[in-house]
Amino acid sequence: MGALALFAVFAADLLLHGPITSIDPAISGWLHAHMQSWATAFLFLFTYVHSTIGLVVMSAAVAVLLAANKRIAMVPWLVLTVQGGQVLNVLVKDAFQRARPHFDDPVVTLATYSFPSGHAAGSTVFWGFVCVLAWSWPARDPVRRALAIIAPLMIAFTAFSRVYLGAHYFSDVLAGISEGVAWVCTCVTIFYRTTAPRRSPSRGA
């Protein structure tokens, strides 16, 4: 609910031309004017890894891991969470139809809409699912601690890369992360509501 509320704030600000989206061009312009070749190359890695193809490849790797550990029932939920989240993002983009940032010398040029960021949402749903999986699985504590650090960093760097490279505004990536968190929570809630064993009513109740 918190993630949905946060997304609603960004969406309302966009529609009403509020203070958050009003400073977007200034942020994008400053970053574009201060780009460095090493930073561009570094941040492109996160963009490539969390592209549509990158998410499909990583999801396939997780699916193989699930199948190898006889948890094949989790694969449909992986697809629903990650690929379903990507489809949801496309639908939301089409609903808002926000134009992407424009520069005279763009680093990336895309014809799709800008709000919310698909990369930010995609990285959030993927790493969100992995974290939920690690905590529900009997994973070792070092693995969980590592994911608690790696997952937020991967999401943060991916989101920042989209603003830095001029593909999105700052509010786009914040909305994408909010959308991703809300979608992961929705999928996890449905999963546990539909798969958790029902308790029989106690006698005398």
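About the criteria used
- Residues numbered from 1 in each chain as written.
- Predicted model: local features only at pLDDT ≥ 70, side-chain atom pairs only at ≥ 80, totals over all residues.
- Heavy atoms only, no water.
- Helix = DSSP H or I, 4+ residues; strand = E, 2+ residues; numbered from the N terminus.
- Contact = heavy atoms within 4.5 Å.
- Expected span 1.5 Å × (residues − 1).
- Buried < 20%, exposed > 50% of the residue type's maximum accessible area, 1.4 Å probe, protein only.
- Arc of directions from axis to C-beta.
- Phe/Tyr/Trp six-rings, centres within 6.5 Å; stacked < 30°, edge-to-face > 60°.
- Polar contact = N/O pair within 3.5 Å; in protein donor to acceptor, adjacent residues only side chain to side chain.
- Axes fitted to C-alpha atoms, helices over the stretch in contact; angles between N-to-C directions.
- Parallel < 35°, antiparallel > 145°, perpendicular 65-115°, else oblique.
- Left-handed = near helix turned anticlockwise from the far one by under 90°.
- Nonpolar A, V, L, I, M, F, W, Y, C, P; charged D, E, K, R; others polar.
- 1 Å grid on protein atoms, 1.4 Å probe; cavity = no way out; pocket = protein on both sides within 12 Å on 5 of 7 lines; lining within 4 Å.
- Points joined across faces, edges and corners; volume = space filled by probe spheres on them.

Across its full length, the protein holds nine helices and zero strands. Each helix and strand of the protein, ordered N terminal to C terminal, gives the series α-α-α-α-α-α-α-α-α. Along the first, second and third principal axes, the C-alpha atoms of the protein reach 70 × 35 × 25 Å. Residue pairs at least 24 apart in sequence account for 77% of intrachain contacts in the protein once pairs closer than 6 positions are excluded.

In this model, helix H4 (residues 37-49) (13 residues) spans 19 Å end to end at C-alpha, consistent with the 18 Å of a helix rising 1.5 Å per residue. Those residues of H4 that fall on the buried side of the exposure criterion are Ala39, Thr40, Leu43, Phe44, Phe46 and Thr47. Summarising the axial view, the buried residues of H4 lie within an arc of 160°, below the 170-degree limit, and thus occupy one face. H4 presents Ser37, Trp38, Leu45 and Tyr48 as exposed residues on the side facing more than 90 degrees away from its buried surface. Next to the buried residues of H4 lie helix H7 (118-136) and helix H8 (141-164).

Looking now at the packing of aromatic side chains. Enumeration according to the criterion identifies 10 aromatic pairs in this entry. Seen in terms of ring centroids, Phe44 and Tyr48 are 5.4 Å apart; in terms of plane orientation they differ by 15°. Their pairing is stacked. One end of the pair, Phe44, and the other, Tyr48, are both in helix H4, four residues apart, so they sit about a helical turn from each other. Under the relative-accessibility criterion, Phe44 is labelled buried at 18%.

So, on to the environment of Arg100. Turning to its location among the elements, Arg100 is positioned in the loop between helix H6 (75-96) and H7. Taking the relative accessible area as the measure of exposure, Arg100 reaches 15% and is therefore buried. Between the C-alpha atom of Arg100 and that of Ala60, which follows or precedes it by 40 residues, the distance is 30 Å. Apart from the residues within four sequence positions on either side, Arg100 is in contact with Lys93, Leu110, Thr112, Tyr113, Ser114, Ala167, His168 and Tyr169. Polar contacts involving the side chain of Arg100 include one to the side chain of Thr112, which spans 2.7 Å. At 3.0 Å, the side chain of Arg100 forms a polar contact with the backbone oxygen of Tyr113.

Packing of H8 against helix H9 (residues 170-195) leaves a shortest axis separation of 8 Å and a crossing angle of 150°. Relative to H9, the element H8 lies roughly antiparallel. The two elements H8 and H9 cross, and the hand of that crossing is right-handed. Note on element contacts: H9 touches H8 through Phe170, Val173 and Ile177, opposite Ile155, Ala159, Arg162 and Val163. For the contact of H8 with H9, the residue count by class is six nonpolar, no polar and one charged.

Another aspect to go through is the layout of surface pockets. Within this model, the largest pocket holds a volume of roughly 340 Å³. As for the largest pocket, its lining consists of 17 residues, and the residues nearest its centre are Thr52, Asn89, Val90, Lys93 and Gly118. Sorting the residues of the lining of the largest pocket by element identifies helix H5 (52-68), H6 and H7 as the ones contributing at least two each. If one sorts the elements of the lining of the largest pocket by residue count, H6 sits on top with five residues. Here the lining of the largest pocket is composed, by residue class, of three nonpolar, 10 polar and four charged.

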